[in-house]
Amino acid sequence: MRKNFLFLLLLTGSVLLEAQPTELITRQELLGQQLGKVESAKSTFSQQWDFDMDVPYRVHLTIVETDKKKGKTETMEYRFNLADLDENLVREDTKRDLKYVTAGVGGKQNMVEVMKDGEQQNYDSEVSLLVSNSQEADDLREMLRTVIPLAKELDKQRLKINSYDEMISWLNEHITDYSIAGSSFGAALKVHDEDALIYDYTFTESGRKEPTTTVYTYNMADLDPYDVKLDIRGKAITVKTGTERDQRFITIRENGEMKNYDDEISFQMGDVESARDLSEVLRLVIPEAKERRSKMLVPAPDLAAALDAFQAGLTNFEQGGDKFEQQLENGCFTTYRLQETNSKSESTENSYEFHLGDLTANNLAIKVSGKDLFVVGDIKNGDNFVKVFRDGEQRNYDDEVEFRAAGVENAKTLAFLLKQVIEGCDEQQQRLMALSRKGTLSDWLVEQVDSYKDPHEADYEQHITIDEANCSLVFNTITPKGKGVEKIRYEVFLKELNKDALAPHVSGKTMSVELKTIHDQDHVKSYKDDEVEKYTDSFEIRVPGIVEARSLITGLKELLEGCKE
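These numbers were taken from a predicted model, which means no experiment stands behind them. (Residues numbered from 1 in each chain as written. Predicted model: local features only at pLDDT ≥ 70, side-chain atom pairs only at ≥ 80, totals over all residues. Heavy atoms only, no water.)

Now for the overall build of the protein chain. Assigned secondary structure in the protein chain consists of nine helices and 35 strands. Its C-alpha atoms give the protein chain a radius of gyration of 38 Å, more than 25% over the compact-globule value 24 Å for 565 residues. On the principal axes, the C-alpha backbone points of the protein chain span a range of 115 × 55 × 45 Å. Counting only residues that meet the buried cut, the protein chain has 44% of its 565 residues in that class. For the protein chain, the proportion of contacts with a sequence separation of at least 24, taken over those separated by at least 6, is 54%. Of the accessible surface of the protein chain, which amounts to about 29,300 Å², a share of 44% is contributed by carbon and sulfur atoms. (Helix = DSSP H or I, 4+ residues; strand = E, 2+ residues; numbered from the N terminus. Rg over C-alpha atoms; globule rule 2.2 N^0.38 Å. Buried < 20%, exposed > 50% of the residue type's maximum accessible area, 1.4 Å probe, protein only. Contact = heavy atoms within 4.5 Å. Areas by Shrake-Rupley, 256 points an atom, 1.4 Å probe, with all protein chains shown as cover.)

As structure tokens, then:
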């Protein structure tokens, strides 16, 4: 028998790479001939190797063990796909008086279906064939190492699906109801929004006293084709697919009740072959969905249109008994208002004043917290340029803004539009930095500084005097202190100030413009209650907000430029 086996092996070896079904059939017939009865001290084993002629890499192995004394039999059945085996994991094993050739599944995945006397067992990661001696083991091991690559080549040719629509049709047809060990399960994939690539995967488990129906709503383009994995544990077969960057973009409802957003979807399948195919189709369809979505993302024609679209996207909505009302006002220098009303009709209103151009366009994030979604924008360089109010009362300045989103797709749309808005407002802000002013520059600066009223210190005063002829300025502050006031005065020659260091500065609820000397030298003469104090390297002029801060900085820079030596 060995000579015939080796002769046929040589005949068929030359056409291995052609991966023809007839070749695999021939080889498997030879392999089946290698399996015979095997005797141990206590039992006799008979083995039968069957396969599907139409799909020859799907194998059904039956091993019947008969007890020599009692005549009792035990039948083990193994169903598996040859393409799942790894030719590098084919080995010879010995257990007491029995010798085996064992083939393992690649990645040690449990993809071998096991039945014992007709009752399904847990899936296994390997299959073992019995042989009578070492020579038979060598022959069988070599045969397995040649049929496995051939099966892999044929398996690659099996799923001939080319277009996105064909892939979706395949998913609709193959994600279906199934039964395992007497338990019934319902599964279906339906289009939720075809134009937006959104789908609903519905899974119903009927084995419990009360059926549980879970609906996963997801965008096919959000999934990660490199994170598709087949997971088999016990008798449960699952294809798990995560989102890109583990973003929790999957909406889950259980028996109609919304659950927390998640970053992974689990497709439950009834058999390994269906799960294998589903994994492959998902790896094909996800990149196609991403390509389609990339063509849908068309920017607004201009800044005004982008602002209008972003404002329209900040919708009012209800969630879990809570109501959210929000609006964006006044263009680039904006006020964002958010009113939250809970199920007890208790309301809180937050508002945020800031310049949209101050946000970092390339650092926008979609934040997910349980069932809540936000689009988060942070101020460049982490500066606290967001003026915050709660129920009309000013709070400390902040360095970020969170916009409420009504769902995953709404959040993605808001983030896409906000990036364009930020870039447009930033560009607009740069163009408008040159301000139109009445009177001389000095008069305008004096008016801006002297007219400031601090909402938190009603008696605070500040005054500036500019001597353009001598290129100097004097800045005075009057601050309430105890029962009296504290007077501070700063005197400095303009040539000593660093125009490139002019910057807004935030402390709690107060914004100011900081003026610093060149190289941080102590060139600013200071007085306290008309008594000379030590020289210092900086002082601050208070302003109502970021817009006034930027205007004042522009004017001061112009003043310093005019006093260059």
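Once you've had a look at it, read on.
Spatial strand order, E23-E24-E27: three strands in an open sheet with antiparallel pairing. Each of the sheet's edge strands pairs with one partner strand only, and the pair in question is strand E23 (365–369) and strand E27 (400–405). Geometrically, the sheet is characterised by an average inter-axis angle of 35° between neighbouring strands, direction not taken into account. As paired strands, E23 and strand E24 (residues 372–378) are joined by five bridges and run antiparallel to one another. Residue pairing in the sheet places Ser369 in a bridge with Asp372 of E24. (Pairing = 2+ DSSP bridges. Axes fitted to C-alpha atoms, helices over the stretch in contact; angles between N-to-C directions.)

Time to look at the nonpolar core. In this structure, Trp49, Leu82, Leu171 and Met220 are the most contacted members of the largest nonpolar core, which totals 83 residues. The residues touching Leu82, leaving out its near neighbours within four places in the chain, are Leu24, Gln28, Trp49, Tyr57, Val59, Val147, Ile148 and Ala151. (Core = buried A, V, L, I, M, F, W, Y, C linked by side-chain atoms within 4.5 Å.)

Moving on to the state of the cysteines. Chemically, a disulfide is nothing more than a covalent bond linking the sulfur atoms of two cysteines. Per the stated rule, a full pass over the model turns up two disulfides. Paired through a disulfide, Cys332 and Cys425 show a sulfur-sulfur distance of 2.1 Å. Sign of the S-S torsion, about -80° for the bond between Cys332 and Cys425, identifies this disulfide as left-handed. Note that Cys332 is positioned in the loop between strand E20 (322–329) and strand E21 (333–341) and Cys425 in helix H7 (residues 408–431), a separation of 93 residues in sequence. (Disulfide = S-S within 2.5 Å.)

For the rest of this paragraph, the subject is the packing of helix H4 (residues 164–174) against helix H5 (residues 272–296). At a minimum axis distance of 9 Å, the contact between H4 and H5 shows a crossing angle of 145°. Judged by the twist between their axes, the crossing of H4 over H5 is left-handed. Contacts between H4 and H5 involve Tyr164, Asp165, Met167, Ile168, Trp170 and Leu171 from the former and Ser274, Asp277, Leu278, Val281, Leu282, Leu284, Val285, Glu288, Ala289 and Arg292 from the latter. Of the residues that constitute the contact of H4 with H5, the class distribution is eleven nonpolar, one polar and four charged. (Left-handed = near helix turned anticlockwise from the far one by under 90°. Nonpolar A, V, L, I, M, F, W, Y, C, P; charged D, E, K, R; others polar.)

Residue placement: Lys68 occurs in the loop between strand E3 (58–67) and strand E4 (73–81). Separated by 26 residues in sequence, Lys68 and Lys42 have C-alpha atoms that sit 5.7 Å apart. Beyond its immediate chain neighbours, meaning those up to four positions away, Lys68 contacts Glu39, Ser40, Ala41, Lys42, Ser43 and Thr44. Of note is the side chain of Lys68, whose polar atom sits 3.0 Å from the side chain of Glu39. (Polar contact = N/O pair within 3.5 Å; in protein donor to acceptor, adjacent residues only side chain to side chain.)

Once that is clear, we can look at the pattern of salt bridges. Within the structure shown, the criterion is met by 43 salt bridges. Among the ionic pairs, Arg141 bridges to Asp138, the shortest N-O distance being 2.8 Å. One end of the pair is Arg141 and the other is Asp138, both in helix H3 (residues 134–158) and three residues apart, which spans about a single turn. Relative accessible area serves as the criterion here: at 15%, Arg141 is assigned to the buried category. (Salt bridge = Lys/Arg side-chain N within 4 Å of Asp/Glu carboxyl O.)

With that out of the way, let us pick up the pairing of strand E29 (residues 472–481). Where strand E28 (residues 461–467) lies against E29, seven bridges are found, and the strand directions are antiparallel. Bridging across to E29, Thr465 finds its partner in Val474. By the bridge criterion, ten bridges tie E29 to strand E30 (residues 484–493) in an arrangement that is antiparallel. Within E30, the residue paired with Lys481 across the bridge is Gly484. Counted along the chain from E29 to the antiparallel partner E30, the turn is two residues long, and its residue Gly482 has a positive phi close to 65°.

This part takes up the packing of helix H2 (residues 21–34) against H3. Interhelical geometry of H2 versus H3 gives an angle of 155° and a closest axis separation of 10 Å. On the basis of their axis angle, the class for H2 and H3 is roughly antiparallel. The way H2 lies across H3 gives a crossing that is left-handed. Here Pro21, Glu23, Leu24, Arg27, Leu30, Leu31 and Gln34 of H2 come into contact with H3, specifically with Asp139, Leu140, Met143, Leu144, Thr146, Val147, Leu150, Ala151 and Leu154. (Parallel < 35°, antiparallel > 145°, perpendicular 65-115°, else oblique.)

Below, the discussion takes up the sheet that holds strand E10 (residues 178–180). In space, the six strands of this open sheet follow the order E10-E11-E12-E13-E16-E17, with antiparallel pairing throughout. One side of each edge strand has no neighbouring strand; the edge strands of this open sheet are E10 and strand E17 (257–258).

Right, let's talk about the side chain of Thr212 for a bit. You can see Thr212 is positioned in strand E13 (residues 212–219). Judged by its relative accessible area of 13%, Thr212 is buried. Those residues in contact with Thr212 that lie beyond four places of it in its chain are Phe203, Thr204, Glu205, Glu254 and Asn255.

Next up on the list: unusual backbone geometry. Its identity as a non-glycine residue notwithstanding, Lys108 has a phi of 55°, on the positive side. Here Lys108 shows up in the loop between strand E6 (98–105) and strand E7 (113–116). Using a relative accessible area of 68% as the deciding quantity, one classes Lys108 as exposed.

Judged by side-chain charge, Lys42, Lys69, Lys70, Lys72, Lys95 and Arg96 come together as a positively charged surface patch. Its location among the elements puts Arg96 in the loop between strand E5 (85–95) and E6. (Patch = residues over 30% accessible without salt bridge, like charges linked within 9 Å, V, L, I, M, F, W, Y side chains within 5 Å. Lys, Arg positive; Asp, Glu negative; His and termini not counted. Charge placed at Lys NZ, Arg CZ, Asp CG, Glu CD.)

Within the element layout of this structure, Asn476 appears in strand E29. On the accessibility criterion, Asn476 (23% relative accessible area) is partly exposed. For Asn476 and Glu491, which are 15 residues apart along the polypeptide, the C-alpha to C-alpha distance reads 9.0 Å. Once you skip the residues sitting within four places of it in the chain, Asn476 turns out to touch Glu461, Gln462, His463, Ile488 and Arg489.

For the structure shown, the criterion picks out 16 aromatic pairs. Ring geometry for Phe185 versus Phe203: centroids 5.9 Å apart, planes at 10°, classification stacked. Residue Phe185 is found in strand E11 (residues 183–193), and its partner Phe203 is found in strand E12 (residues 198–205); the two are separated by 18 residues along the sequence. The same class applies to Phe185 as to Phe203, namely buried. The side chain of Arg489 reaches across the aromatic face of Tyr527, ending 3.9 Å from its centre. (Phe/Tyr/Trp six-rings, centres within 6.5 Å; stacked < 30°, edge-to-face > 60°. Lys NZ or Arg CZ within 6 Å of the ring centre and 35° of its normal.)

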